[in-house]
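# Reading the structure
So you can see what is in the structure, the chains are spelled out below.
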Amino acid sequence: MTPHPVLRTHQLSHTYADGRRALDGVTFTVGDGECAALVGPNGAGKTTLFLRLCGVLSGKPGQASVGGLDPADPAQRKKLPETVGVVFQNPDDQLFSPTVLDDVAFGPLNLGATADEARAAAGDALKAVGLADAGGRVPFHLSGGERRRAALAGVLAMRPAVLLLDEPTMFLDPRGRRELIELLRDLPGTKLIATHDLDLVLDLCPRVLVLDGGRLAADGPAAELLADADLMGRHGLEVPYRLRG
Amino acid sequence: MTLAARERPVPLSPLARWDARWKLAAVAVAVAGVAALDRLPPATVALAAGLGLLALARLPGRWVRPRLAVFAVAALPFLLVLPFTLDGPAWSLGPVRVSERGVVSGLAVLCRALAIGSLTLVLVGTAPLHQTFAAAARLRVPGVLVLLALLAYRYTFLLGDELRRMRTAARVRGFKATATRHGYRTLGHLTGAVLVRGADRADRVADAMRCRGFAGRLHTLAAFRTTADDVAGFVLLAAGTIALVIWDRLGPS
(Lines give C-alpha, C1' and ligand atoms only; values in the text may rest on other atoms or scores of the structure.)
Protein backbone atom coordinates (compact mmCIF):
# COMPACT_ATOMS: atom_id res chain seq x y z
CA MET A 1 0.00 0.00 0.00
CA THR A 2 1.33 3.48 -0.92
CA PRO A 3 2.03 5.53 2.21
CA HIS A 4 0.08 8.73 2.73
CA PRO A 5 2.01 11.53 0.95
CA VAL A 6 3.46 14.14 3.33
CA LEU A 7 5.53 15.94 0.74
CA ARG A 8 4.01 16.85 -2.57
CA THR A 9 5.01 19.12 -5.44
CA HIS A 10 2.93 19.88 -8.51
CA GLN A 11 4.51 21.63 -11.50
CA LEU A 12 6.88 23.34 -9.08
CA SER A 13 8.93 26.00 -10.84
CA HIS A 14 11.35 28.62 -9.62
CA THR A 15 13.07 31.45 -11.43
CA TYR A 16 15.70 33.57 -9.68
CA ALA A 17 15.76 37.35 -9.93
CA ASP A 18 18.57 37.17 -12.52
CA GLY A 19 16.27 35.17 -14.81
CA ARG A 20 17.89 31.79 -14.17
CA ARG A 21 15.23 29.07 -14.13
CA ALA A 22 16.32 26.69 -11.37
CA LEU A 23 13.20 24.49 -11.24
CA ASP A 24 10.89 23.75 -14.13
CA GLY A 25 7.62 21.89 -13.56
CA VAL A 26 8.81 19.41 -10.94
CA THR A 27 6.08 17.01 -9.80
CA PHE A 28 6.50 14.23 -7.24
CA THR A 29 5.24 12.98 -3.89
CA VAL A 30 7.03 11.41 -0.96
CA GLY A 31 5.03 9.21 1.38
CA ASP A 32 4.94 9.24 5.16
CA GLY A 33 8.03 7.50 6.53
CA GLU A 34 9.63 7.15 3.12
CA CYS A 35 13.32 7.80 2.57
CA ALA A 36 14.04 9.12 -0.92
CA ALA A 37 17.20 10.45 -2.52
CA LEU A 38 17.45 13.46 -4.79
CA VAL A 39 20.40 13.14 -7.14
CA GLY A 40 21.67 15.15 -10.05
CA PRO A 41 24.66 17.13 -11.26
CA ASN A 42 25.75 20.45 -9.75
CA GLY A 43 23.25 23.16 -10.54
CA ALA A 44 20.43 20.67 -11.04
CA GLY A 45 18.18 22.59 -8.63
CA LYS A 46 18.41 20.32 -5.57
CA THR A 47 19.14 23.06 -3.06
CA THR A 48 16.60 25.39 -4.66
CA LEU A 49 13.99 22.65 -4.33
CA PHE A 50 14.80 22.33 -0.62
CA LEU A 51 14.66 26.08 -0.09
CA ARG A 52 11.25 26.17 -1.78
CA LEU A 53 9.98 23.26 0.31
CA CYS A 54 11.00 24.88 3.59
CA GLY A 55 9.62 28.27 2.57
CA VAL A 56 12.92 30.16 2.49
CA LEU A 57 12.35 30.94 -1.18
CA SER A 58 8.89 32.21 -1.97
CA GLY A 59 6.90 31.11 -4.97
CA LYS A 60 3.45 30.55 -6.37
CA PRO A 61 0.91 29.04 -3.96
CA GLY A 62 -0.34 25.55 -4.72
CA GLN A 63 2.89 24.21 -6.19
CA ALA A 64 4.14 22.47 -3.04
CA SER A 65 2.80 21.01 0.16
CA VAL A 66 4.75 19.71 3.16
CA GLY A 67 2.75 18.03 5.90
CA GLY A 68 -0.35 19.70 4.50
CA LEU A 69 1.21 23.17 4.63
CA ASP A 70 1.86 25.32 1.58
CA PRO A 71 5.33 26.93 1.89
CA ALA A 72 4.22 29.74 -0.42
CA ASP A 73 1.42 30.80 1.91
CA PRO A 74 2.80 33.30 4.47
CA ALA A 75 0.49 32.14 7.26
CA GLN A 76 1.23 28.46 6.69
CA ARG A 77 4.94 29.13 6.18
CA LYS A 78 5.21 30.27 9.81
CA LYS A 79 4.13 26.81 10.95
CA LEU A 80 6.59 25.00 8.66
CA PRO A 81 9.54 24.82 11.09
CA GLU A 82 7.44 22.50 13.27
CA THR A 83 6.91 20.18 10.32
CA VAL A 84 10.02 20.25 8.17
CA GLY A 85 13.64 20.34 9.25
CA VAL A 86 16.50 21.19 6.92
CA VAL A 87 20.12 20.19 7.46
CA PHE A 88 22.21 22.44 5.26
CA GLN A 89 25.32 21.52 3.27
CA ASN A 90 27.75 23.36 5.50
CA PRO A 91 27.17 22.91 9.24
CA ASP A 92 29.06 26.17 9.90
CA ASP A 93 26.08 27.97 8.40
CA GLN A 94 23.83 26.35 10.94
CA LEU A 95 25.89 26.35 14.12
CA PHE A 96 26.20 29.88 15.40
CA SER A 97 25.38 29.67 19.10
CA PRO A 98 28.10 29.80 21.73
CA THR A 99 27.57 26.23 22.91
CA VAL A 100 26.24 23.07 21.28
CA LEU A 101 23.38 22.90 23.80
CA ASP A 102 22.37 26.49 23.06
CA ASP A 103 22.44 25.77 19.35
CA VAL A 104 20.36 22.62 19.58
CA ALA A 105 17.87 24.37 21.87
CA PHE A 106 17.58 27.34 19.48
CA GLY A 107 14.78 25.76 17.43
CA PRO A 108 12.60 24.53 20.31
CA LEU A 109 12.89 27.94 22.02
CA ASN A 110 11.76 29.61 18.79
CA LEU A 111 8.77 27.28 18.71
CA GLY A 112 7.73 28.51 22.14
CA ALA A 113 9.18 25.80 24.38
CA THR A 114 10.15 26.81 27.91
CA ALA A 115 13.83 26.72 28.84
CA ASP A 116 13.35 23.38 30.62
CA GLU A 117 11.45 21.86 27.70
CA ALA A 118 14.05 23.15 25.23
CA ARG A 119 16.87 21.78 27.36
CA ALA A 120 15.16 18.38 27.51
CA ALA A 121 14.48 18.32 23.76
CA ALA A 122 18.07 19.35 23.06
CA GLY A 123 19.37 16.66 25.42
CA ASP A 124 17.28 13.99 23.69
CA ALA A 125 18.42 15.13 20.25
CA LEU A 126 22.08 15.21 21.27
CA LYS A 127 21.71 11.71 22.69
CA ALA A 128 20.11 10.53 19.45
CA VAL A 129 23.08 11.73 17.41
CA GLY A 130 25.66 10.40 19.86
CA LEU A 131 26.72 13.77 21.25
CA ALA A 132 25.16 13.47 24.70
CA ASP A 133 28.29 14.81 26.39
CA ALA A 134 28.98 17.62 23.94
CA GLY A 135 26.30 20.10 25.13
CA GLY A 136 28.78 22.43 26.81
CA ARG A 137 31.28 22.44 23.97
CA VAL A 138 31.79 25.27 21.51
CA PRO A 139 30.39 24.24 18.10
CA PHE A 140 33.53 25.33 16.25
CA HIS A 141 35.59 23.01 18.46
CA LEU A 142 33.81 19.96 17.07
CA SER A 143 35.25 17.78 14.34
CA GLY A 144 33.60 17.81 10.91
CA GLY A 145 31.54 14.72 11.70
CA GLU A 146 30.52 16.03 15.10
CA ARG A 147 29.51 19.36 13.61
CA ARG A 148 27.34 17.59 11.08
CA ARG A 149 25.71 15.58 13.86
CA ALA A 150 25.25 18.70 16.01
CA ALA A 151 23.55 20.44 13.08
CA LEU A 152 21.32 17.39 12.67
CA ALA A 153 20.54 17.45 16.40
CA GLY A 154 19.50 21.10 16.07
CA VAL A 155 16.88 20.01 13.58
CA LEU A 156 15.84 16.80 15.37
CA ALA A 157 15.21 18.74 18.59
CA MET A 158 12.27 20.35 16.80
CA ARG A 159 10.84 16.88 16.11
CA PRO A 160 9.93 17.55 12.46
CA ALA A 161 7.87 15.04 10.52
CA VAL A 162 9.93 15.64 7.37
CA LEU A 163 13.72 15.89 7.19
CA LEU A 164 15.47 17.48 4.21
CA LEU A 165 19.20 16.74 4.17
CA ASP A 166 21.40 18.63 1.73
CA GLU A 167 24.64 16.77 0.96
CA PRO A 168 24.86 15.23 4.44
CA THR A 169 28.16 13.42 3.83
CA MET A 170 30.00 16.34 2.27
CA PHE A 171 33.33 17.16 4.02
CA LEU A 172 33.19 13.96 6.11
CA ASP A 173 36.01 11.46 6.40
CA PRO A 174 35.12 7.78 5.78
CA ARG A 175 34.48 7.03 9.44
CA GLY A 176 32.35 10.14 9.94
CA ARG A 177 30.45 9.27 6.77
CA ARG A 178 29.81 5.71 7.92
CA GLU A 179 28.63 6.89 11.36
CA LEU A 180 26.28 9.40 9.78
CA ILE A 181 24.79 6.78 7.47
CA GLU A 182 24.11 4.51 10.44
CA LEU A 183 22.56 7.41 12.29
CA LEU A 184 20.31 8.39 9.39
CA ARG A 185 19.24 4.79 8.92
CA ASP A 186 17.89 4.71 12.48
CA LEU A 187 16.07 8.04 12.29
CA PRO A 188 12.31 7.75 12.01
CA GLY A 189 10.20 10.03 9.81
CA THR A 190 10.17 11.05 6.18
CA LYS A 191 13.53 11.85 4.68
CA LEU A 192 14.53 13.45 1.41
CA ILE A 193 18.29 13.42 0.91
CA ALA A 194 20.00 15.51 -1.77
CA THR A 195 23.39 14.01 -2.45
CA HIS A 196 26.17 13.12 -4.87
CA ASP A 197 27.07 10.16 -2.65
CA LEU A 198 25.37 7.35 -4.59
CA ASP A 199 26.66 4.66 -2.22
CA LEU A 200 24.81 6.43 0.56
CA VAL A 201 21.70 6.34 -1.63
CA LEU A 202 22.05 2.58 -2.06
CA ASP A 203 22.49 2.18 1.70
CA LEU A 204 19.57 4.32 2.79
CA CYS A 205 17.08 5.14 0.07
CA PRO A 206 14.86 2.60 -1.69
CA ARG A 207 13.76 5.34 -4.06
CA VAL A 208 15.63 7.92 -6.08
CA LEU A 209 14.59 11.10 -7.91
CA VAL A 210 16.94 12.32 -10.64
CA LEU A 211 16.89 16.08 -11.10
CA ASP A 212 18.72 17.77 -13.97
CA GLY A 213 18.42 21.30 -15.31
CA GLY A 214 15.55 21.97 -12.93
CA ARG A 215 13.47 19.10 -14.33
CA LEU A 216 12.65 15.74 -12.83
CA ALA A 217 14.38 13.33 -15.21
CA ALA A 218 13.54 10.05 -13.48
CA ASP A 219 11.80 8.70 -10.40
CA GLY A 220 11.99 5.06 -9.37
CA PRO A 221 13.71 2.31 -7.38
CA ALA A 222 17.27 3.30 -6.49
CA ALA A 223 18.92 -0.01 -7.42
CA GLU A 224 17.26 0.09 -10.85
CA LEU A 225 17.89 3.75 -11.77
CA LEU A 226 21.41 3.92 -10.42
CA ALA A 227 22.36 0.80 -12.41
CA ASP A 228 21.16 2.39 -15.65
CA ALA A 229 24.44 3.57 -17.18
CA ASP A 230 22.70 5.52 -19.97
CA LEU A 231 20.49 7.42 -17.55
CA MET A 232 23.37 8.13 -15.22
CA GLY A 233 25.61 9.29 -18.05
CA ARG A 234 22.94 11.56 -19.53
CA HIS A 235 22.61 13.38 -16.23
CA GLY A 236 26.24 13.78 -15.26
CA LEU A 237 26.24 10.85 -12.86
CA GLU A 238 28.01 7.51 -12.69
CA VAL A 239 26.85 4.02 -11.82
CA PRO A 240 28.12 3.30 -8.28
CA TYR A 241 31.00 0.78 -8.11
CA ARG A 242 28.96 -1.82 -6.33
CA LEU A 243 26.37 -1.90 -9.15
CA ARG A 244 28.93 -2.23 -11.93
CA GLY A 245 29.05 -5.60 -13.58
CA MET B 1 40.98 26.78 13.64
CA THR B 2 38.29 29.30 14.21
CA LEU B 3 36.94 31.38 17.01
CA ALA B 4 36.73 28.60 19.55
CA ALA B 5 40.47 28.22 19.64
CA ARG B 6 40.74 31.86 20.64
CA GLU B 7 38.24 31.70 23.47
CA ARG B 8 40.04 32.40 26.68
CA PRO B 9 39.17 30.83 30.01
CA VAL B 10 37.74 33.34 32.49
CA PRO B 11 39.99 33.69 35.57
CA LEU B 12 38.28 33.03 38.89
CA SER B 13 37.60 36.33 40.66
CA PRO B 14 34.82 38.16 42.49
CA LEU B 15 34.06 39.97 39.23
CA ALA B 16 33.72 36.67 37.35
CA ARG B 17 31.08 35.62 39.89
CA TRP B 18 29.13 38.87 39.43
CA ASP B 19 25.80 38.25 37.67
CA ALA B 20 26.38 39.30 34.04
CA ARG B 21 23.22 41.44 33.95
CA TRP B 22 24.17 43.53 36.99
CA LYS B 23 27.74 43.74 35.77
CA LEU B 24 26.68 44.93 32.32
CA ALA B 25 24.31 47.51 33.80
CA ALA B 26 26.96 48.76 36.25
CA VAL B 27 29.66 49.00 33.58
CA ALA B 28 27.26 50.80 31.22
CA VAL B 29 26.51 53.40 33.91
CA ALA B 30 30.21 53.73 34.74
CA VAL B 31 31.27 54.12 31.10
CA ALA B 32 28.59 56.77 30.50
CA GLY B 33 29.68 58.61 33.66
CA VAL B 34 33.39 58.50 32.82
CA ALA B 35 32.69 59.71 29.30
CA ALA B 36 30.93 62.73 30.80
CA LEU B 37 33.90 63.76 32.96
CA ASP B 38 35.71 66.98 32.01
CA ARG B 39 38.39 67.59 34.62
CA LEU B 40 41.66 65.77 35.12
CA PRO B 41 41.39 64.89 38.87
CA PRO B 42 38.06 62.98 38.57
CA ALA B 43 39.30 61.37 35.34
CA THR B 44 42.46 60.25 37.14
CA VAL B 45 40.41 58.76 39.96
CA ALA B 46 38.22 57.01 37.37
CA LEU B 47 41.33 55.56 35.75
CA ALA B 48 42.64 54.39 39.12
CA ALA B 49 39.29 52.76 39.85
CA GLY B 50 39.25 51.10 36.41
CA LEU B 51 42.75 49.73 36.88
CA GLY B 52 41.77 48.57 40.38
CA LEU B 53 38.84 46.64 38.90
CA LEU B 54 41.18 45.13 36.30
CA ALA B 55 43.47 43.94 39.09
CA LEU B 56 40.50 42.55 40.97
CA ALA B 57 39.47 40.68 37.81
CA ARG B 58 42.85 38.89 37.75
CA LEU B 59 43.06 39.16 33.99
CA PRO B 60 46.45 38.22 32.55
CA GLY B 61 48.64 41.23 31.80
CA ARG B 62 49.57 39.98 28.34
CA TRP B 63 45.88 39.98 27.44
CA VAL B 64 45.14 43.36 29.03
CA ARG B 65 48.15 45.44 27.90
CA PRO B 66 47.76 45.32 24.11
CA ARG B 67 44.03 45.94 24.37
CA LEU B 68 44.46 48.85 26.71
CA ALA B 69 47.10 50.21 24.35
CA VAL B 70 44.44 50.45 21.64
CA PHE B 71 42.45 52.84 23.84
CA ALA B 72 45.61 54.84 24.56
CA VAL B 73 46.37 55.11 20.86
CA ALA B 74 42.81 56.32 20.23
CA ALA B 75 43.33 59.13 22.76
CA LEU B 76 46.84 60.00 21.60
CA PRO B 77 45.81 62.54 18.92
CA PHE B 78 44.11 64.65 21.61
CA LEU B 79 47.21 64.53 23.78
CA LEU B 80 49.35 65.62 20.84
CA VAL B 81 47.08 68.29 19.40
CA LEU B 82 45.33 69.99 22.35
CA PRO B 83 48.51 71.42 23.99
CA PHE B 84 49.24 73.33 20.82
CA THR B 85 45.75 74.51 19.96
CA LEU B 86 44.05 75.66 23.19
CA ASP B 87 44.51 79.19 24.51
CA GLY B 88 45.07 80.43 28.08
CA PRO B 89 48.22 80.26 30.23
CA ALA B 90 51.07 78.58 28.41
CA TRP B 91 54.67 77.45 28.75
CA SER B 92 57.14 78.61 26.14
CA LEU B 93 59.61 76.06 24.85
CA GLY B 94 61.64 78.23 22.51
CA PRO B 95 59.39 79.18 19.63
CA VAL B 96 56.78 76.59 20.68
CA ARG B 97 53.87 77.59 22.92
CA VAL B 98 52.41 74.75 25.00
CA SER B 99 49.00 75.46 26.49
CA GLU B 100 48.65 74.44 30.14
CA ARG B 101 44.93 73.88 29.64
CA GLY B 102 45.69 71.85 26.52
CA VAL B 103 48.05 69.51 28.37
CA VAL B 104 45.55 69.01 31.21
CA SER B 105 42.68 68.45 28.77
CA GLY B 106 44.76 66.00 26.73
CA LEU B 107 45.70 64.06 29.87
CA ALA B 108 42.05 64.04 30.94
CA VAL B 109 41.06 62.56 27.59
CA LEU B 110 43.78 59.92 27.92
CA CYS B 111 42.68 59.04 31.47
CA ARG B 112 39.06 58.82 30.37
CA ALA B 113 39.92 56.60 27.42
CA LEU B 114 42.01 54.28 29.57
CA ALA B 115 39.33 54.19 32.29
CA ILE B 116 36.66 53.28 29.73
CA GLY B 117 39.05 50.70 28.25
CA SER B 118 39.64 49.17 31.68
CA LEU B 119 35.92 48.95 32.38
CA THR B 120 35.26 47.39 28.97
CA LEU B 121 37.99 44.81 29.47
CA VAL B 122 36.57 43.99 32.90
CA LEU B 123 33.19 43.41 31.24
CA VAL B 124 34.43 41.20 28.39
CA GLY B 125 37.20 39.51 30.37
CA THR B 126 35.25 38.33 33.39
CA ALA B 127 32.47 36.38 31.63
CA PRO B 128 32.19 34.37 28.44
CA LEU B 129 31.00 36.82 25.80
CA HIS B 130 27.89 34.79 25.04
CA GLN B 131 26.82 35.23 28.66
CA THR B 132 27.24 38.98 28.33
CA PHE B 133 25.14 38.92 25.13
CA ALA B 134 22.48 36.89 26.92
CA ALA B 135 22.58 39.41 29.78
CA ALA B 136 22.11 42.23 27.27
CA ALA B 137 19.08 40.43 25.85
CA ARG B 138 17.65 40.06 29.37
CA LEU B 139 18.23 43.76 30.01
CA ARG B 140 16.04 44.44 26.98
CA VAL B 141 18.81 45.80 24.79
CA PRO B 142 17.17 45.71 21.31
CA GLY B 143 17.28 42.12 20.05
CA VAL B 144 18.65 43.16 16.67
CA LEU B 145 21.70 44.75 18.31
CA VAL B 146 22.37 41.70 20.49
CA LEU B 147 21.99 39.34 17.56
CA LEU B 148 24.21 41.48 15.36
CA ALA B 149 26.91 41.52 18.02
CA LEU B 150 26.63 37.76 18.60
CA LEU B 151 26.80 36.86 14.92
CA ALA B 152 29.54 39.39 14.17
CA TYR B 153 31.61 37.92 17.00
CA ARG B 154 31.05 34.37 15.73
CA TYR B 155 31.61 34.89 12.05
CA THR B 156 34.33 37.55 12.03
CA PHE B 157 36.81 34.82 12.90
CA LEU B 158 35.41 32.46 10.31
CA LEU B 159 35.81 35.14 7.64
CA GLY B 160 39.28 35.91 8.97
CA ASP B 161 40.16 32.27 8.43
CA GLU B 162 38.79 32.43 4.89
CA LEU B 163 40.94 35.48 4.20
CA ARG B 164 43.97 33.63 5.56
CA ARG B 165 43.22 30.61 3.36
CA MET B 166 42.87 32.79 0.29
CA ARG B 167 46.11 34.62 1.08
CA THR B 168 47.86 31.26 1.42
CA ALA B 169 46.39 30.16 -1.91
CA ALA B 170 47.62 33.39 -3.50
CA ARG B 171 51.07 32.96 -1.93
CA VAL B 172 51.51 29.42 -3.28
CA ARG B 173 50.82 30.88 -6.71
CA GLY B 174 53.74 33.23 -6.24
CA PHE B 175 51.96 36.31 -4.89
CA LYS B 176 53.96 38.61 -2.61
CA ALA B 177 52.24 41.50 -0.86
CA THR B 178 54.33 44.37 -2.16
CA ALA B 179 53.57 48.07 -2.46
CA THR B 180 52.90 47.81 -6.16
CA ARG B 181 49.84 48.30 -8.29
CA HIS B 182 49.55 44.52 -8.70
CA GLY B 183 49.96 43.97 -4.95
CA TYR B 184 47.25 46.47 -4.00
CA ARG B 185 44.93 45.15 -6.71
CA THR B 186 45.33 41.57 -5.53
CA LEU B 187 44.78 42.47 -1.88
CA GLY B 188 41.71 44.41 -2.96
CA HIS B 189 40.40 41.40 -4.84
CA LEU B 190 41.03 39.12 -1.84
CA THR B 191 39.24 41.49 0.50
CA GLY B 192 36.37 41.84 -1.97
CA ALA B 193 36.08 38.07 -2.28
CA VAL B 194 35.93 37.73 1.52
CA LEU B 195 33.20 40.34 1.71
CA VAL B 196 31.20 38.63 -1.04
CA ARG B 197 31.63 35.28 0.70
CA GLY B 198 30.64 36.95 3.95
CA ALA B 199 27.43 38.22 2.36
CA ASP B 200 26.70 34.75 0.95
CA ARG B 201 27.34 33.18 4.32
CA ALA B 202 25.11 35.74 6.02
CA ASP B 203 22.30 34.73 3.65
CA ARG B 204 22.83 31.04 4.38
CA VAL B 205 22.95 31.62 8.14
CA ALA B 206 19.74 33.65 7.92
CA ASP B 207 18.09 30.86 5.89
CA ALA B 208 19.16 28.25 8.44
CA MET B 209 17.84 30.39 11.29
CA ARG B 210 14.49 30.95 9.59
CA CYS B 211 14.17 27.21 8.95
CA ARG B 212 14.46 26.69 12.69
CA GLY B 213 11.63 29.08 13.42
CA PHE B 214 13.63 32.25 14.09
CA ALA B 215 11.31 35.24 13.86
CA GLY B 216 13.54 38.07 15.03
CA ARG B 217 13.71 37.46 18.76
CA LEU B 218 16.73 35.79 20.31
CA HIS B 219 15.86 33.23 22.98
CA THR B 220 18.53 31.80 25.19
CA LEU B 221 18.95 29.06 27.76
CA ALA B 222 21.19 31.26 29.92
CA ALA B 223 19.98 31.25 33.51
CA PHE B 224 20.71 34.18 35.81
CA ARG B 225 20.25 34.47 39.55
CA THR B 226 20.56 37.71 41.46
CA THR B 227 22.23 37.75 44.88
CA ALA B 228 22.67 40.60 47.35
CA ASP B 229 26.33 40.84 46.30
CA ASP B 230 25.31 41.44 42.67
CA VAL B 231 23.07 44.33 43.66
CA ALA B 232 25.69 45.69 46.06
CA GLY B 233 28.29 45.67 43.28
CA PHE B 234 25.97 47.58 40.99
CA VAL B 235 25.06 50.14 43.67
CA LEU B 236 28.72 50.62 44.58
CA LEU B 237 29.88 51.23 41.01
CA ALA B 238 26.88 53.39 40.10
CA ALA B 239 27.18 55.46 43.29
CA GLY B 240 30.92 55.90 42.75
CA THR B 241 30.28 57.04 39.18
CA ILE B 242 27.61 59.53 40.27
CA ALA B 243 29.93 60.89 42.97
CA LEU B 244 32.70 61.37 40.38
CA VAL B 245 30.36 63.20 38.01
CA ILE B 246 29.13 65.48 40.83
CA TRP B 247 32.73 66.19 41.88
CA ASP B 248 33.59 66.93 38.27
CA ARG B 249 30.70 69.34 37.87
CA LEU B 250 31.27 71.12 41.20
CA GLY B 251 34.96 71.73 40.61
CA PRO B 252 36.49 74.78 38.88
CA SER B 253 35.77 74.85 35.18
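These numbers were taken from a predicted model, which means no experiment stands behind them. In this numbering scheme, every chain counts its residues from 1 along its sequence in written order. Ligands are numbered from 1 and chains lettered from A, in the order in which they are written. Where totals are concerned, whole chains, interfaces and linings use all residues; where local detail is concerned, this predicted model gives features only for residues with pLDDT of at least 70, and gives and counts side-chain atom pairs only at 80 or more. The side-chain figures draw on all heavy atoms in the structure; neither hydrogens nor water molecules are used.

### Notes on the environment of A227 of chain A
All names here are of chain A.
- Runs of E in the DSSP output that reach at least two residues are strands. Runs of H or I that reach at least four are helices, and both are numbered from the N terminus. Positionally, A227 belongs in the loop between α8 (222-226) and α9 (229-234).
- The rule is simple: take the accessible area with a 1.4 Å probe, protein chains only, and divide by the maximum for that residue type; under 20% is buried, over 50% is exposed, in between is partly exposed. Take A227: its relative accessible area is 38%, and that puts it in the partly exposed class.
- The sequence separation of A227 and A105 amounts to 122 residues, and the corresponding C-alpha distance is 42 Å.
- Should any heavy atoms of two residues lie within 4.5 Å, those residues are considered in contact. Excluding residues that lie within four positions of it along the chain, A227 makes contacts with A222, V239 and L243.

### Focus: the pattern of salt bridges
- Each reported salt bridge corresponds to a side-chain nitrogen of Lys or Arg within 4 Å of a carboxyl oxygen of Asp or Glu. In this structure the tally under the stated criterion is 24 salt bridges over all chains.
- Two residues, R204 of chain B and D93 of chain A, come together in a salt bridge whose shortest N-O distance is 2.5 Å. A residue pair is termed interchain when its members come from two chains, as with R204 of chain B in helix α9 (residues 181-211) and D93 of chain A in the loop between β5 (84-87) and α3 (100-110).
- Of the charged contacts, one joins R207 of chain A and D219 of chain A as a salt bridge, the two residues approaching to 2.9 Å between their closest N and O atoms. With R207 of chain A in strand β8 (residues 207-212) and D219 of chain A in strand β9 (residues 215-221), this pair connects stretches of sequence that are 12 residues apart.
- With relative accessibility at 13%, the residue R207 of chain A sits in the buried group.
- Taking relative accessible area as the criterion, D219 of chain A reaches 39% and is therefore assigned partly exposed.
- Residues joined in a network through salt bridges with shared partners are R178, E182, R185, D199, D203 and R242 of chain A.

### Overview of the side chain of T48 of chain A
Residues and elements named next belong to chain A.
- Here T48 lies in helix α1 (residues 46-53).
- With a relative accessible area of 8%, T48 lands in the buried category.
- Side chain to side chain, T48 and Y16 meet in a polar contact 2.7 Å long.
- Among all residues touching T48, those that are not within four sequence positions of it are H14, Y16, A22, L23 and L57. What qualifies as a polar contact is a pair of N or O atoms within 3.5 Å, subject to a donor-acceptor requirement within protein and to the restriction that residues adjacent in sequence count only when both atoms come from side chains.

### Topic: the sheet that holds strand β7 (residues 190-194) of chain A
All names here are of chain A.
- Pairing between two strands requires that DSSP report at least two bridges joining them. Spatially, β5-β6-β7-β3-β8-β9 is the arrangement adopted by the six strands of the open sheet, whose pairing is mixed. At either margin of the open sheet sits one strand with a lone partner, and together these are β5 and β9. With direction set aside, neighbouring strand axes in the sheet form an average angle of 15°.
- Bridge analysis of β5 against strand β6 (residues 162-166) gives four bridges, and the strand direction is parallel. Residue pairing across strands places V87 opposite L165, the latter belonging to β6. Interaxial angles span 0 to 180 degrees and are taken between N-to-C directions of axes, which are lines fitted to C-alpha atoms, for helices over the stretch in contact.

### Re the pairing of strand β2 (residues 21-31) of chain A
All names here are of chain A.
- As paired strands, strand β1 (residues 5-15) and β2 are joined by seven bridges and run antiparallel to one another. Paired with L7 across the strands is V30, a residue of β2.
- Between the end of β1 and the start of β2, which pair antiparallel, lie five residues, with G19 showing a positive phi angle near 95°.

### Here's the deal with the interface of chain B and chain A
- Between chain B and chain A, the residue contacts involve 27 residues of the former and 33 residues of the latter.
- Buried area counts how much accessible surface, traced with a 1.4 Å probe, disappears from two parts once they are put together, with both parts' losses summed. Looking only at chain B, the three residues that lose the most surface to chain A are C211, R212 and L221 of chain B, adding up to 35% of its buried area.
- Our count for the contact surface shared by chain B and chain A stands at three salt bridges.
- For R212 of chain B, the salt bridge identified is with D103 of chain A, shortest N-O distance 2.7 Å.

### Section: the domain arrangement of chain B
- As assigned here, chain B comprises domain 1 (20-127 + 223-250) and domain 2 (138-211).
- Each domain's limits were defined by an automated method or a database of domain assignments. Placing the centre of domain 1 of chain B and that of domain 2 of chain B at their C-alpha centroids yields a distance of 33 Å.

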